[in-house]
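# Inside the fold
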Amino acid sequence: MDSTLCDGEPLWDVALAWNTTKPIISRCLQRTIPIWLPSLFLFTFAPFQILLMLNRSAARKSLNPIPVNPYNLCRLLVVFVIIAVNAVQLTVDVADYFTPTVLHPVTRADLLGLTINVLTFVSWAVSISKCSPLSIKITHFPFTLQMFFAYLIHLHRLYGVHTSAITWLFTALSLILSLPSLYMYSRFYGVEDVYPDRFHTGVSSWNRLDLFFFIVHFTSLLVLFILTCFADSPPPPPTPPPSSTSQKEVLSIKAANFSPVEQPLLNSNHEQHQQTSSPSSHLEECPDQRASFFSTMTYLWIDRLILKGYRRALTTDDLWRLNAKDSSDYIAPKFTAAAATQQQKKKASKEGNCQASSSRYCTVSTITRSYGWLFLGGSAFKLAFDLLQFAGPQLLAAFIDFILAPASAEPSWHGYLLGASFFLVASLQAVLLNYHYQMMYQVGMRVRAGLIAAVYEKALVLSNGSRRAASLGSMTNLMAVDTQRLVDTFPNLNNVWSAPLQILLTLAFLWAELGPSVLAGLAVLLAMMPLNAWISALQRRYALLAMKKKDRRLRLLGELLSGVKAVKLYGWEEPWQRAIGEVRAAEIGQLRRSAYVKAATSFLWTCAPFAVTFVTFAVFVLVDPVNNVLDAKKAFVSVSLFNLMQFPLAMLPRTIASVVALSISVKRLNRFFNSPQLQNYVGRSDDVSDGSAIVIEKGTFTWEKRTTVGEVVGEKGSSEKGVKPSVKSTAAFVDENSTSGSGTMLLMFED
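Residues numbered from 1 in each chain as written. Predicted model: local features only at pLDDT ≥ 70, side-chain atom pairs only at ≥ 80, totals over all residues. Heavy atoms only, no water.

The next thing to look at is the overall build of the protein chain. Scanning the protein chain from terminus to terminus reveals 26 helices and 5 strands. Expressed as a percentage of its 751 residues, the buried residues of the protein chain come to 39%. Of the contacts formed within the protein chain by residues at least 6 apart in sequence, a portion of 74% connects residues at least 24 apart. Counting only carbon and sulfur atoms, one obtains 65% of the accessible surface of the protein chain, whose full area is about 42,400 Å². (Helix = DSSP H or I, 4+ residues; strand = E, 2+ residues; numbered from the N terminus. Buried < 20%, exposed > 50% of the residue type's maximum accessible area, 1.4 Å probe, protein only. Contact = heavy atoms within 4.5 Å. Areas by Shrake-Rupley, 256 points an atom, 1.4 Å probe, with all protein chains shown as cover.)

Given below as structure tokens:
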């Protein structure tokens, strides 16, 4: 690249750019990397956002554009200024390239950089004539592949995107990479022989026209970056399409999909919903829905609430309205649809593979299908944070070298650069970790809301046998305890793979510092693994027993509360108190054993980092006392790496214990969701010839499920084994209210 693009000028010269008190950055580097990297970023990620906007528009079947306002017009105007400056500079450089002069040398890198800049920013003027909302989906798809910045922000307005991470990152990257050129112009402008190479020797390396172009370009880029830190106005809410279906027809359609147990609740629930409004309807919309990417990344949108809480005590009226995607109205149907899709696919697999249990409900598959991509996004932030952690020890090693080196060998600006690097790395780590935890908590709370709705929906259609097995107490445990474990486990669930990855990377860096002595510390970790596995199995056993005792206690409490009148009448308070007390004592015993095991695990893994550090340093010094010198650099860097290993070593056993408890909850949820339920054999007909309200044909009636072989004949001749037959006849439920005026119901059986 040096010989073809820059006419022999090096891209990076260590003697000129690093080992000097006045670093000089080559023109080749200024005209390549600051232009190529932002353009490569935009050309890589812009198509994904464009496809996402197209898919969302296709799902809505209409565009929802942001109205033209001073903000988006000003942003487009700044982009046009950048386009014009780069186009004029490209024209001048092309003319100078074919008519070379010593006062204004032009290389191929100059022409290529300006061309990329123009192609990156230009577009809207070329395609604005075809940007009608009706033709945007068909006509613009080939143009979107060009990935131009101006066209991208124009698409944001057309599709109602008020802020974009890609545009902010592109402008921030372009601005940061333009700082070396700003440094060169501000410090060396007018200085002769700045670039001591064969091309520029003896002549002035600067041109006033280049300085003018750079000032306009950099100023416009700075203004564009400031504009992208703010959000555009949100699009107007879409108007709902008119519907000719009456509310009564909607209720009748919904009722056809509900079981006989749910149907009596449908009309009453709808009436209550019409009478009572949402308790959060008077609250403000959450500001993060209108915040820019920069505000979301730095959590500036919450400052107003923090300032209000500083001035006075907050009340519930100060809180914001729940976002639509976090409400049960949105989560419950999405969760139900994911479960239905999962069961349909497994049912098809069952028909092909003849597996008897392939169509059963699976909680993990439903969660993955509902929020798997959101979880993967949070995992990506966690991976970036874990890798960035190891930049700290490397910067520390470089800083120690800087301190120990003589003043003549290390320029002072190296120290300022290292200090700024510490700050930037710590800030980026904070952003990545906060985003990770925010997304994980969102997944946990949304999954909990979906599971609570699914448990409640399943409870409405449980069969009589399932209701005896799943008492009110156990269902309360499922909704209150087991679903809460998801919220508690999801934020740290990535530690299952993150903690081993951090430990392995730490050992690799320690090997580079201390050599084979790290194997001694690794042996200490491996020796603790079997003990930790045994303790985890013991903790799982105690947790399972504690949950069983808790279910029994809640079942007894439910029976006591339901029959409290009889208990008080017959004076059975003391026997009931003893029975519940015995179950509670057994439950507390299991919880106490589980707490002891958890405390032992925490103690062992808290001592593990100190044991590993002590053993590693001891072996390192004792193996070769002459050559293995524990100097300041090796000691501080190794201690910082050992400190990085403390968190994964401490979190790994807790995460394993949480996953063990979560697996128990998932099994309990799966067992409940796969319980037998009432079958909907009810058919609706408006043709009533004999005045009967309910007609039962070929019905089989029984109180409970027996082991004797029988058959229940349903509406379409379907049968169920294991039910004792009782009465097989045709029955009619006649409403006597219309003939006799009494409030009685007459049940007639006909052979």
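Take a nonpolar patch on the surface next. On the surface, a cluster of nonpolar side chains totalling about 390 Å² of accessible area is made up of Trp 12, Val 14, Trp 18 and Leu 417. Inspection of the secondary structure assignment puts Trp 12 in the segment before helix H1 (14-17). (Patch = residues over 30% accessible without salt bridge, like charges linked within 9 Å, V, L, I, M, F, W, Y side chains within 5 Å. Salt bridge = Lys/Arg side-chain N within 4 Å of Asp/Glu carboxyl O.)

If you walk through the whole model with that rule in mind, you get 17 aromatic pairs. Arranged with centres 5.8 Å apart and planes meeting at 50°, the rings of Trp 301 and Trp 320 form a pair that is tilted. Taken together, the residues Trp 301 in the loop between helix H14 (293-298) and helix H15 (303-311) and Trp 320 in strand E2 (residues 320-321) connect sequence positions 19 residues apart. Like Trp 320, Trp 301 is buried. Taking the centre distance of 5.1 Å and the plane angle of 20° together, the rings of Tyr 570 and Trp 572 count as stacked. Judged by its relative accessible area of 55%, Tyr 570 is exposed. On the accessibility criterion, Trp 572 (43% relative accessible area) is partly exposed. Among the aromatic residues, those joined into a cluster by ring pairs are Trp 168, Phe 225, Phe 293 and Phe 294. (Phe/Tyr/Trp six-rings, centres within 6.5 Å; stacked < 30°, edge-to-face > 60°.)

This part covers the environment of Ser 365. Residue placement: Ser 365 occurs in helix H17 (residues 363-389). Taking C-alpha positions, Ser 365 is 8.6 Å from Ala 338, a pair spaced 27 residues apart along the chain.

Looking now at the environment of Leu 73. Locating Leu 73 in the fold gives a position in helix H4 (residues 70-98). On a C-alpha basis, the gap between Leu 73 and His 154 in space is 9.8 Å, while along the polypeptide they are 81 residues apart.

For the α-helix, the turn length of 3.6 residues means that residues three or four positions removed from each other point alike. Between the first and last C-alpha of helix H23 (residues 518-562) there are 64 Å, a value that for 45 residues agrees with the 66 Å anticipated at 1.5 Å per step. Helix geometry: H23 is bent most strongly at Met 529, by close to 25°, with proline Pro 530 lying one to four residues after it. (Expected span 1.5 Å × (residues − 1). Bend = angle between axes of the 7 residues up to and from the residue.)

Taken over all residues, the pLDDT of the protein chain has a mean of 74, while the share at 70 or more is 72%. When the criterion is pLDDT under 50, residues 123-147 qualifies, and its contacts beyond four places in sequence or with other chains add up to 44 contacts. Segment residues 197-205 is flagged for pLDDT under 50; beyond a separation of four residues in sequence, or across chains, it makes 24 contacts in the model. (pLDDT = per-residue confidence, 0-100.)

A separate point is the environment of Ser 517. Mapped onto the secondary structure, Ser 517 falls in the loop between helix H22 (495-514) and H23. Beyond its immediate stretch of four places on either side in the chain, Ser 517 contacts Thr 616, Val 619 and Phe 620. A distance of 3.5 Å separates a polar side-chain atom of Ser 517 from the backbone nitrogen of Phe 620. (Polar contact = N/O pair within 3.5 Å; in protein donor to acceptor, adjacent residues only side chain to side chain.)

Scanning all chains against the criterion turns up 11 salt bridges. We note a salt bridge from Lys 382 to Asp 386, for which the minimum N-O separation is 3.6 Å. Remark: Asp 386 and Lys 382 occur in helix H17; sequence separation between them is 4 residues, near one turn of the helix. As far as the burial class goes, Lys 382 and Asp 386 line up, both buried. A salt bridge links Asp 401 to Lys 633; the shortest N-O distance between them is 3.1 Å. Taken together, the positions of Asp 401 in helix H18 (residues 391-404) and Lys 633 in helix H26 (residues 632-673) put the pair 232 residues apart, joining distant regions of the chain. Residue classification places Asp 401 among the partly exposed residues on the basis of a relative accessible area of 34%.

Let us now look at the nonpolar core. With 36 residues, the main nonpolar core has Leu 42, Val 79, Phe 149, Leu 152, Leu 155 and Trp 168 as its most contacted residues. For this core, the elements supplying multiple residues, two or more each, are helix H3 (33-60), H4, helix H8 (149-158), helix H9 (165-177), helix H11 (208-228) and H14. Ignoring any residue separated from it by four or fewer positions in sequence, one finds Trp 168 in contact with Phe 225, Thr 228, Cys 229, Phe 293, Phe 294 and Met 297. Formed by 25 residues, the second largest nonpolar core is a distinct cluster that contains Ile 331, Tyr 361, Met 440 and Phe 490. (Core = buried A, V, L, I, M, F, W, Y, C linked by side-chain atoms within 4.5 Å.)

What follows deals with the side chain of Gln 389. Tracing the backbone through its elements, the reader meets Gln 389 in helix H17. What makes Gln 389 buried here is its relative accessible area of 14%.

You will see that Tyr 299, though not glycine, has its phi angle at about 60°, which is positive. With respect to the element layout, Tyr 299 can be found in the loop between H14 and H15. The class of Tyr 299 is partly exposed, set by a relative accessible area of 22%.

Here helix H19 (residues 412-460) crosses helix H21 (residues 472-489) at 165°, and the two axes come no closer than 8 Å. With respect to H21, the axis of H19 lies roughly antiparallel. Here the hand of the crossing between H19 and H21 comes out right-handed. Contacts between H19 and H21 pair Tyr 441, Gly 444, Met 445, Val 447, Arg 448, Leu 451, Ile 452, Val 455, Tyr 456 and Ala 459 from the former with Met 475, Leu 478, Met 479, Thr 483, Gln 484, Leu 486 and Val 487 from the latter. Split into classes, the residues belonging to the contact of H19 with H21 amount to 13 nonpolar, 3 polar and 1 charged. (Axes fitted to C-alpha atoms, helices over the stretch in contact; angles between N-to-C directions. Parallel < 35°, antiparallel > 145°, perpendicular 65-115°, else oblique. Left-handed = near helix turned anticlockwise from the far one by under 90°. Nonpolar A, V, L, I, M, F, W, Y, C, P; charged D, E, K, R; others polar.)

Secondary-structure assignment places Asn 69 in the loop between H3 and H4. Residue classification places Asn 69 among the buried positions, given a relative accessible area of 14%. A polar contact of 3.0 Å, which involves the side chain of Asn 69, links it to the backbone nitrogen of Asn 72. Polar contacts involving the side chain of Asn 69 include one to the side chain of Ser 233, which spans 3.1 Å. Non-local contacts of Asn 69, meaning those with residues more than four positions away in its chain, are made with Asp 232 and Ser 233.

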